[in-house]
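Close look at the chain arrangement
For reference, the chains in residue letters:
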Amino acid sequence: MSAAPVPMRHRPFRHLFIGTTANLLGNGAAPIALAFAVLDATGSVGSLGLVVGAHSLTGIVFLLYGGVLADLLPRGRLLVGSSVVSAASQAVVAALVLTHHAAIPC
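These lines cover the structure that appears in this document, whether it is placed above or below.

Points about the overall build of the protein
Tallying secondary structure elements over the protein gives three helices and zero strands in all. Put simply, the protein runs from its N terminus to its C terminus through helices and strands in the order α-α-α. Its C-alpha atoms give the protein a radius of gyration of 18 Å, clearly above 13 Å, the size a compact globule of 106 residues would have. Dimensions of the protein, computed from the C-alpha atoms along their principal axes, are close to 60 × 35 × 20 Å.

As for unusual backbone geometry
Among all residues except glycine, the phi angle is most often negative; among peptide bonds, the trans geometry is most common. Positioned with a positive phi, H100 is a non-glycine residue whose angle comes to about 60°. In this fold, H100 is placed in the segment after α3 (75–98).

A look at the packing of helix α1 (residues 11–42) against helix α2 (residues 45–72)
Two elements in contact, α1 and α2, have axes whose closest approach is 9 Å; the angle formed by their N-to-C orientations is 150°. By the criterion of interaxial angle, the relationship of α1 to α2 is roughly antiparallel. Between α1 and α2 lies a crossing whose hand is right-handed. Taken together, the residues of α2 that come into contact with α1 (itself represented by P31, L34, A35, V38, L39 and T42) are S47, L48, V51 and H55. A breakdown of the residues in the contact of α1 with α2 according to their chemical character gives seven nonpolar, three polar and no charged.

Considerations on α2
Taking 1.5 Å as the rise per residue, α2 with 28 residues should run 40 Å; its terminal C-alpha atoms sit 41 Å apart, in good agreement. Those residues of α2 not exposed but buried are S47, L48 and V51. Check the buried side of α2 and you find it contacts α1.

Considering a nonpolar patch on the surface
On the surface, F13, L16, F17 and I18 cluster together into a nonpolar patch covering about 400 Å² of accessible area. Structurally, the position occupied by L16 is in helix α1. Taking the relative accessible area as the measure of exposure, L16 reaches 53% and is therefore exposed.

Thoughts on the layout of surface pockets
When its volume is computed, the largest pocket comes out at roughly 1600 Å³. What lines the largest pocket is a set of 41 residues, among which H55, T58, S86, S89 and Q90 lie closest to the centre. Those elements that place two or more of their residues in the lining of the largest pocket are α1, α2 and α3. Ranked by the residues each element gives to the lining of the largest pocket, the list is headed by α3, at 14 residues. In this structure, the second largest pocket spans a volume of roughly 450 Å³. Lining the second largest pocket are 17 residues; nearest its centre among them are G19, T20, N23, L79 and S83. Every element with two or more residues in the lining of the second largest pocket is listed here: α1 and α3. With nine residues, α3 is the largest single contributor of residues to the lining of the second largest pocket.

What counts, and at which threshold
- Residues numbered from 1 in each chain as written.
- Predicted model: local features only at pLDDT ≥ 70, side-chain atom pairs only at ≥ 80, totals over all residues.
- Heavy atoms only, no water.
- Helix = DSSP H or I, 4+ residues; strand = E, 2+ residues; numbered from the N terminus.
- Rg over C-alpha atoms; globule rule 2.2 N^0.38 Å.
- Axes fitted to C-alpha atoms, helices over the stretch in contact; angles between N-to-C directions.
- Parallel < 35°, antiparallel > 145°, perpendicular 65-115°, else oblique.
- Left-handed = near helix turned anticlockwise from the far one by under 90°.
- Contact = heavy atoms within 4.5 Å.
- Nonpolar A, V, L, I, M, F, W, Y, C, P; charged D, E, K, R; others polar.
- Expected span 1.5 Å × (residues − 1).
- Buried < 20%, exposed > 50% of the residue type's maximum accessible area, 1.4 Å probe, protein only.
- Patch = residues over 30% accessible without salt bridge, like charges linked within 9 Å, V, L, I, M, F, W, Y side chains within 5 Å.
- Areas by Shrake-Rupley, 256 points an atom, 1.4 Å probe, with all protein chains shown as cover.
- Salt bridge = Lys/Arg side-chain N within 4 Å of Asp/Glu carboxyl O.
- 1 Å grid on protein atoms, 1.4 Å probe; cavity = no way out; pocket = protein on both sides within 12 Å on 5 of 7 lines; lining within 4 Å.
- Points joined across faces, edges and corners; volume = space filled by probe spheres on them.

Keep in mind that these numbers describe shape and distance, not what the molecule does.
Spelled out as structure tokens, the structure:
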């Protein structure tokens with residue numbers, strides 16, 4: 001008998017588990033890393049508030065747009081597509097921060 005739990009023996013469940021875990025870790029760590037990056041770059045609490053507000057506003061806009069897309073597109077493609085777009089946007093922000101090309105308008 002294998003040491004892995006029974007659901008992990010199934011390939012589709014393993015893919016779902018790994019994808020969901022990576023998605024939750026990335027989406028949980030990104031706002032914290034962004035806050036520290038803003039504070040490190042500017043040292044201004046006002047700039048941090050501006051960035052957090054912009055992050056919240058874009059989340060609300062994309063949430064509304066995503067609801068429309070959820071009615072039109074197949075669920076699997078929508079989930080994969082939204083995760084890819086999320087990962088790509090977080091990668092771009094991380095690259096800009098790490099190369100010191102990120103700018104915060106004051």
